[in-house]
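Below are the chains, spelled out letter by letter.
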Amino acid sequence: MADIHREKILILDFGSQYTQLIARRVRECHVYCELHPFDMSLDEIKAFGAQGIILSGGPKSVYEEGAPAITEELFELGIPILGICYGMQLICRHFGGEVVPAGKREYGHAELAVKGVPGPLFEGFFVDGKSSVWMSHGDHVATIPDNFEVVAETGNAPVCAIQNVARKLYGVQFHPEVNHTPQGAQLVNTFVRKICGCAGQWTPGKIIEDAVARIREQVGSDQVILGLSGGVDSSVAAALIHRAIGDQLHCVFVDNGLLRLDEGDQVMATFAGNLGVKVTRVNAQQRFYSALTGVADPEQKRKIIGNLFVDIFEEESNNITDATWLAQGTIYPDVIESAGAKTGKAHNIKSHHNVGGLPDYMKLKLLEPLRELFKDEVRTVGEELGLPKQMVWRHPFPGPGLGVRVLGEVKEEYCDILRQADAIYIDELYRSGHYHKISQAFAVFLPVKSVGVMGDGRTYEYVIALRAVETKDFMTAGWYPMPYADLARISNRIINEVKGVNRVTYDISSKPPATIEWE
Ligand code: XMP
């Protein structure tokens, strides 16, 4: 079996908001990469054994006191290096160039013009000597070091790309990793494939093959338990582990009564039915509703839901007496996030709230087969493993589920109304083709009644709010500009088909200052 980790790219992170995007672009070239803090030691860098190194952008100025510095010996290793923004400025300074404040910050689209003779990195990057790029910087290179050449300039910045072709050292002032740089992905691909010579082993099929072999080796003949939530990560983890060890995997699916319409049945049909996975379904709906009675505070609701889940999961696990492993759907952004928290360089990405945060005394070994994968990769792997498209490409759903989407006290009646309204909303978004353009969409139940008329009589019924947002990182989000005609159809259907609702509103708040969930 080919070693899919043999070829790899090291990304050193200087704190740019785009660093994870660099890693995703490299993975899209089917090459494995890891993201590490900028101060990784020389020994660690050598041991990592990268075919190429990318230095990310960062918010500081290279000449500022306390600015993140690099292990300078890195440049003597003979490994190809691409510096992006701050990364390029570090290269310049190291080799004797000069970086100065740019006068004014440059942010947004810029038109790059060729200067000199672009080396192999820039093959196909310029059309008629020009290329459109995304800039975000406050400093620029004033003097380039000896043995380097300028490759491109803009009206604002005389040095926008540099190269030392013989030593395979390249720097770009713009951000090739963002979608706003149309030729950016191609530039990353050229760096990884041509300059670093990676052939591209990191494909979904090979990722699965590799993971299956590793799980078998790790687990041997032991038994594994996994808390299935219906979410993408735990579902893909279950399918993957089942592929590796079949009946040694026991899944526990806790139906907490806070799931979407028919979700419990769908999870059972997919896993127990189609894939033949051993799944115990625990119908704990009434336990959750009783525990939530009289509780309106969102933080308290979350705590109750989380703790009760752990209690029930534990009760069930006790029945699987021979299990020695606990499987979890931890993914790469979760790993980066917790590494960041340890070094105090936390990344700006909200960690996923994974089910199965179990108490220490359970003493199970952790099996985390998705630890190296980004969300998109988890999804493609899930599809390749035969999970339904609708399951793997579903919008994110919070751990506490409808518990945070029914405002105030959670009651079964409210959850039932919300489930129906939400299902109609999502169904319409699929039909009209909006679903995959939206990052997250859902309905919210407002526990207030307002007056309406139906036939000859007055009604006094509940309100449903609809939310749809566009976002890249879920830290900021804009509301989705839903066409009026679609809103009209959705609202009509909800009011006509869901008993107990006579009013529908559409949320037009951005985050910040609003959040995505209403809670
Ligand atoms: P907010 O509401 O903070 O949400 O703008 C950002 C993203 O996080 C999700 N979210 C949660 N996910 N447990 C989760 O697993 C939670 O308690 C939780 N609260 C919010 C939310 O759905 C959105 O994608």
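Residues numbered from 1 in each chain as written. Predicted model: local features only at pLDDT ≥ 70, side-chain atom pairs only at ≥ 80, totals over all residues. Heavy atoms only, no water.

Burial in helix 11 (residues 375-384) covers these residues: E377, V378, R379, V381 and G382. Packed against the buried residues of helix 11 are helix 1 (19-28), helix 5 (204-219), helix 6 (232-245) and helix 12 (389-392). (Buried < 20%, exposed > 50% of the residue type's maximum accessible area, 1.4 Å probe, protein only. Helix = DSSP H or I, 4+ residues; strand = E, 2+ residues; numbered from the N terminus. Contact = heavy atoms within 4.5 Å.)

Across the chain, the bulk of peptide bonds are trans and the bulk of non-glycine residues have phi less than zero. Residue P512 follows K511 across a cis peptide bond; omega there is -15 degrees. If you trace the backbone, P512 turns up in the segment after strand 18 (501-506). Residue P513 is bonded to the preceding P512 through a cis peptide linkage, with omega at 5 degrees. Here P513 shows up in the segment after strand 18.

Here the focus is the site of the ligand. The environment of the ligand is formed by 12 residues, the closest being R302, Q440, K511, I516 and E517. I516 has a polar backbone atom sitting 2.8 Å from an oxygen atom of the ligand. Within the side chain of E517, an N or O atom sits 2.5 Å from an oxygen atom of the ligand. A total of 490 Å² of accessible area belongs to the ligand in isolation, and the protein chains cover 87% of it. (Near = heavy atom within 4 Å. Polar contact = N/O pair within 3.5 Å; in protein donor to acceptor, adjacent residues only side chain to side chain. Areas by Shrake-Rupley, 256 points an atom, 1.4 Å probe, with all protein chains shown as cover.)

Turning to the sheet that holds strand 14 (residues 365-367), a few remarks are in order. One open sheet holds the 5 strands; their spatial order is 12-11-10-13-14, and the pairing between them is parallel. Two strands lie at the open edges of the sheet, namely strand 12 (278-283) and strand 14, each paired on one side alone. Between one strand axis and the next, the sheet turns by 30 degrees as a mean value, whatever way the strands run. The pairing of strand 11 (residues 249-255) with strand 12 spans 6 bridges and is parallel. When the bridges of strand 12 are listed, H250 appears paired with K278. Docked against the sheet, helix 6 engages strand 10 (223-228), strand 11, strand 13 (323-327) and strand 14, running at close to 160 degrees with respect to strand 10. (Pairing = 2+ DSSP bridges. Axes fitted to C-alpha atoms, helices over the stretch in contact; angles between N-to-C directions.)

Between its first and last C-alpha, helix 13 (residues 412-431) extends 29 Å over 20 residues, near the 28 Å set by a 1.5 Å rise per residue. Taken together, the buried positions of helix 13 are occupied by Y414, C415, I417, L418, R419, A421, D422, I424, Y425, I426, E428 and L429. Contacts from the buried residues of helix 13 go to helix 8 (285-292), strand 15 (440-454), strand 16 (457-470), helix 14 (484-497) and strand 18. Within two residues after helix 13, G433 carries a phi angle of roughly 80 degrees, on the positive side. (Expected span 1.5 Å × (residues − 1).)

Next up on the list: the sheet that holds strand 4 (residues 81-84). The strand order across the open sheet formed by 9 strands is 2-1-3-4-9-8-7-5-6, and the pairing between neighbours is mixed. Strands with a single pairing partner mark the edges of an open sheet, and in this sheet they are strand 2 (32-37) and strand 6 (130-143). Strand-to-strand twist in this sheet, taken as the mean axis angle between neighbours without regard to direction, amounts to 20 degrees. By the bridge criterion, 3 bridges tie strand 7 (residues 149-153) to strand 8 (residues 161-164) in an arrangement that is antiparallel. Residue pairing for strand 8: V150 is matched across the bridge by I162. On the sheet, helix 1 packs against strand 1 (8-13), strand 2, strand 3 (52-55) and strand 4 and is oriented at approximately 165 degrees with respect to strand 2. Strand contacts of helix 4 (residues 184-195): strand 1, strand 3, strand 4 and strand 9 (169-172), with the helix running at about 160 degrees to strand 4, the strand carrying the most contacts.

Our next topic: the domain arrangement of the protein chain. Partitioning the protein chain into domains gives domain 1 (8-195), domain 2 (204-392) and domain 3 (411-506). The gap between the C-alpha centroids of domain 2 and domain 3 is 29 Å. The partner domain 3 presents 7 residues to the 11 residues of domain 2 that form the contact. Inspection of the region where domain 2 meets domain 3 yields 0 salt bridges. Put simply, domain 2 and domain 3 have 4 residue pairs in polar contact (both at pLDDT 80 or more) between them. Broken down by class, the residue content of the side of domain 2 that touches domain 3 amounts to 5 nonpolar, 4 polar and 2 charged. (Domains from an automatic or database assignment. Salt bridge = Lys/Arg side-chain N within 4 Å of Asp/Glu carboxyl O. Nonpolar A, V, L, I, M, F, W, Y, C, P; charged D, E, K, R; others polar.)

Counting residues in hydrophobic clusters, the biggest one holds 48 residues, and the most contacted among them are Y425, L429, I464, L466, M482 and I494. Tallying contributions element by element places helix 13 first for this core, with 9 residues. Each of domain 2 (204-392) and domain 3 (411-506) accounts for three or more of the residues forming this core. If we skip the residues at most four places from it in the chain, Y425 touches A441, F442, A443, L466, R467, A468, M482, I490 and Y506. Counting 42 residues, the second largest nonpolar core, distinct from the first, contains I4, I245, M268 and F271. (Core = buried A, V, L, I, M, F, W, Y, C linked by side-chain atoms within 4.5 Å.)

To continue, consider the side chain of N164. Structurally, N164 is set in strand 8. Within polar-contact distance, the side chain of N164 engages the backbone nitrogen of R167 at 3.1 Å. The contact partners of N164, leaving out residues within four places of it in the chain, are N147, F148 and L169.

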